[in-house]
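# Overview (structure and organization)
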Amino acid sequence: MRYGVISDIHSNLVALERVLAYLTKMRVDRYLCLGDIVGYGARPNECCELMRKLDCVCIRGNHDTAACTPGKERWFNAHARICIMWTRQILTEENCEYLRTLPQTEVVQEIQLCHGSLTEPDAYIRTAGDALLSLKAMTGALCLFGHTHYAEWYTLTERATYPSHYRAIAGGTLTLEKNVKHMLNPGAVGQPRDGNSQAGCAIVDTEARTVEIARIGYDIDVAQEQIRSAGLPPSMAARLLAGI
Ligand code: ZN
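On a predicted model such as this, the values are computed, not experimentally measured, just so you know. Every residue gets a number counted from 1 within its own chain, in the order that chain's sequence is written. Reporting of local features is limited, given that this is a predicted model, to residues whose pLDDT is at least 70; pairs of side-chain atoms are given and counted only at 80 or more, and all residues count toward the totals for whole chains, interfaces and linings. Only heavy atoms go into the side-chain values, all of them from the structure, while hydrogens and water stay out.

## Some thoughts on the pairing of strand β5 (residues 111-114)
For the record, the criterion: When accessible area is computed with a 1.4 Å probe and restricted to protein chains, residues below 20% of their type maximum are described as buried, those above 50% as exposed, and intermediate ones as partly exposed. Secondary structure elements follow DSSP: runs of H or I no shorter than four residues count as helices, runs of E no shorter than two count as strands, and numbering proceeds from the N terminus. Should DSSP find at least two bridges between two strands, the strands are taken to pair. The path from the first strand over the helix to the second decides the hand: if it runs clockwise while the strands point away from the viewer, the crossover is right-handed.
A two-sided burial pattern is seen for β5, the buried positions comprising I111 and L113 on one face and Q112 and C114 on the other. Where strand β4 (residues 105-108) lies against β5, 4 bridges are found, and the strand directions are antiparallel. In the strand pairing of β5, E106 is matched with L113. Where β4 folds back on β5, the antiparallel hairpin that results is connected by 2 residues, among which Q109 adopts a positive phi of roughly 50 degrees. Viewed along the sheet, the connection from β5 through helix α6 (residues 128-137) into strand β6 (residues 142-144) turns out right-handed.

## Observations regarding the environment of S134
Note the following rule: Pairs of residues are marked as contacts when any of their non-hydrogen atoms sit within 4.5 Å.
Secondary-structure assignment places S134 in helix α6. Here the alpha-carbon distance between S134 and I6, two residues 128 residues apart in the chain, equals 20 Å. Dropping the residues within four chain positions of it, S134 is found in contact with S117, L118, T119, I125 and M183.

## Notes on the side chain of Q224
Within the secondary structure, Q224 is located in helix α7 (residues 220-229). What makes Q224 buried here is its relative accessible area of 9%. Ignoring anything within four residues of it in the chain, the contact list for Q224 reads A237, A238, L240 and L241.

## What about the coordination of the zinc ion?
Any two of four tetrahedral donors ideally make an angle of 109.5 degrees at the metal, while pairs among six octahedral donors ideally make 90 or 180 degrees. Condition: Distances decide who is a donor: an N, O or S atom must be within 2.8 Å of the metal, or within 3.2 Å for Na, K and Ca. Water is not included, so sites may look incomplete. Irregular is the default label, applied whenever a site is not tetrahedral (four donors, all angles between 85 and 135 degrees) and neither square planar nor octahedral (four or six donors, opposite donors over 155 degrees apart, all other angles between 65 and 115).
Looking at the zinc ion, the protein donor atoms are D8 (OD), H10 (NE2), D36 (OD) and H149 (NE2), and they sit 2.1 to 2.4 Å from it. Taken together, the 4 donor atoms surrounding the zinc ion define angles of 88 to 177 degrees at the centre, an arrangement classified as irregular. Sequence spacing of the donor residues for the zinc ion, all on one chain, is D-x1-H-x25-D-x112-H. Of the two residues, H10 is situated in the loop between β1 (2-6) and α1 (13-25) and H149 in the loop between β6 and β7 (151-157); the sequence distance between them amounts to 139 residues. Given a relative accessible area of 1%, H10 falls into the buried group.

## Observations concerning the sheet that holds strand β10 (residues 180-186)
What counts here: For helices, the axis comes from a line fit to the C-alpha atoms of the stretch in contact; other axes are also lines fit to C-alpha atoms, and the angle between any two N-to-C directions lies between 0 and 180 degrees.
Within the open sheet, the 6 strands sit side by side as β4-β5-β6-β10-β7-β8. Their pairing is mixed. At either margin of the open sheet sits one strand with a lone partner, and together these are β4 and β8 (164-167). In this sheet, adjacent strand axes meet at a mean angle of 20 degrees when their direction is disregarded. By the bridge criterion, 3 bridges tie β6 to β10 in an arrangement that is parallel. Bridged to L144 within β10 is L184. Lying over the sheet, α6 contacts β7 and β10, oriented at roughly 120 degrees with respect to β10.

## Section: a negative patch on the surface
This is how the line gets drawn: Without a salt bridge and with relative accessible area above 30%, a residue can belong to a patch; like charges are then joined within 9 Å and nonpolar side chains (Val, Leu, Ile, Met, Phe, Trp, Tyr) within 5 Å. To measure how exposed things are, a 1.4 Å probe is used in the Shrake-Rupley method; for residues, cover is taken only from the protein chains shown. Note on definitions: salt bridges are taken to be side-chain nitrogens of Lys or Arg within 4 Å of carboxyl oxygens of Asp or Glu. Note that His is not counted, nor are the chain ends; the positive residues are Lys and Arg, and the negative ones are Asp and Glu. Throughout, a charge is located at the NZ atom of Lys, the CZ atom of Arg, the CG atom of Asp or the CD atom of Glu.
The grouping of E46, E49, E93 and E94 at the surface amounts to a negative patch. For the negative patch, the secondary structure elements donating two or more residues are α2 (44-53) and α5 (93-100). Along the chain, E49 turns up in helix α2.

## Here's the deal with the nonpolar core
As a rule of thumb, nonpolar side chains are buried together in soluble globular proteins. Heads up, the rule is: Only buried residues count toward a nonpolar core. Its members are Ala, Val, Leu, Ile, Met, Phe, Trp, Tyr and Cys residues joined through side-chain atoms within 4.5 Å.
Membership of the largest hydrophobic core comes to 49 residues, with the highest contact counts inside it found for I6, I9, L23, I37, M51 and L99. If you tally residues by element for this core, the top one is α1, at 8 residues. In this view, L23 contacts G4, V5, I6, V28, Y31, C201, A202 and I203; residues no more than four positions away in its chain are not counted.

## Some remarks on the pattern of salt bridges
Under the definition given, this model contains 7 salt bridges. R30 is the salt-bridge partner of D55, the closest N and O atoms lying 3.1 Å from each other. On the criterion of sequence distance, the pair formed by D55 in the loop between α2 and β3 (56-58) and R30 in strand β2 (residues 30-33) is long-range, its members being 25 residues apart. A salt bridge links D194 to R215, with the shortest nitrogen-to-oxygen separation between them at 2.8 Å. Within this pair, whereas D194 is found in the loop between β10 and β11 (199-205), its partner R215 is found in strand β12 (residues 210-216), the two being separated by 21 residues in sequence.

## Examining the sheet that holds β11
Pairing is mixed in the open sheet, where 6 strands are placed in the order β3-β2-β1-β11-β12-β9. Every interior strand has two partners, whereas the edge strands, β3 and β9 (172-175), have only one. Averaged over neighbouring strand pairs, the angle between their axes works out to 20 degrees when direction is ignored. By the bridge criterion, 4 bridges tie β1 to β11 in an arrangement that is antiparallel. Within β11, the residue paired with Y3 across the bridge is V204. Together, β1, β2, β11 and β12 form the strand contacts of α1, whose direction differs from that of β11 by roughly 30 degrees.

No statement about biological role is implied by the geometric values presented.
Structure, rendered in structure tokens:
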């Protein structure tokens, strides 16, 4: 089985379409999405509608929750809050219901999916110490997470007390070893923050026992123009090009 893994789309339809075209070309059988379909970008309804059409196991991110839950925006900084309020206004009732009813975690073929961390859905895994808590809570060999918008992975061998960390800024292939726990973030589709502006995604191949992270270039200027014309904060357009 080959799974196409995407996360943190953030209403960036241009990036989403480009990544899905790449994953289709790479012959994935099914999709896994780690949350944050909306927030920041200018095409929330179109992104929801595309996701609803896919054969995809999808979980809910903190921006998906906030877009459909009045009051939740106060947990975000000023610019993110403006985007959440704008998204809430423009989302159709059907798309809001879709986001609201997504689960917070899922397990597919023993692969665990979470948005932030396994122990706390909104917590960020930013360090090996953060990753250790989730690695210890894992029941299988592979956990996929998002939320930080960094493409990277952590591994913990049976004897190790501390995880190893690999940053896949330009992509990379993780081989799933026996008796090792692996946590992998495919990077963000719609708002990468690791200094590489290219969209992130991954392919899990359960037979080859590999997870390949790819970085895909897309028309950033089109996504930027959509953000500006929607009247969203200009910093949301600028950061796409900087990859921050
Ligand atoms: Zn996000």
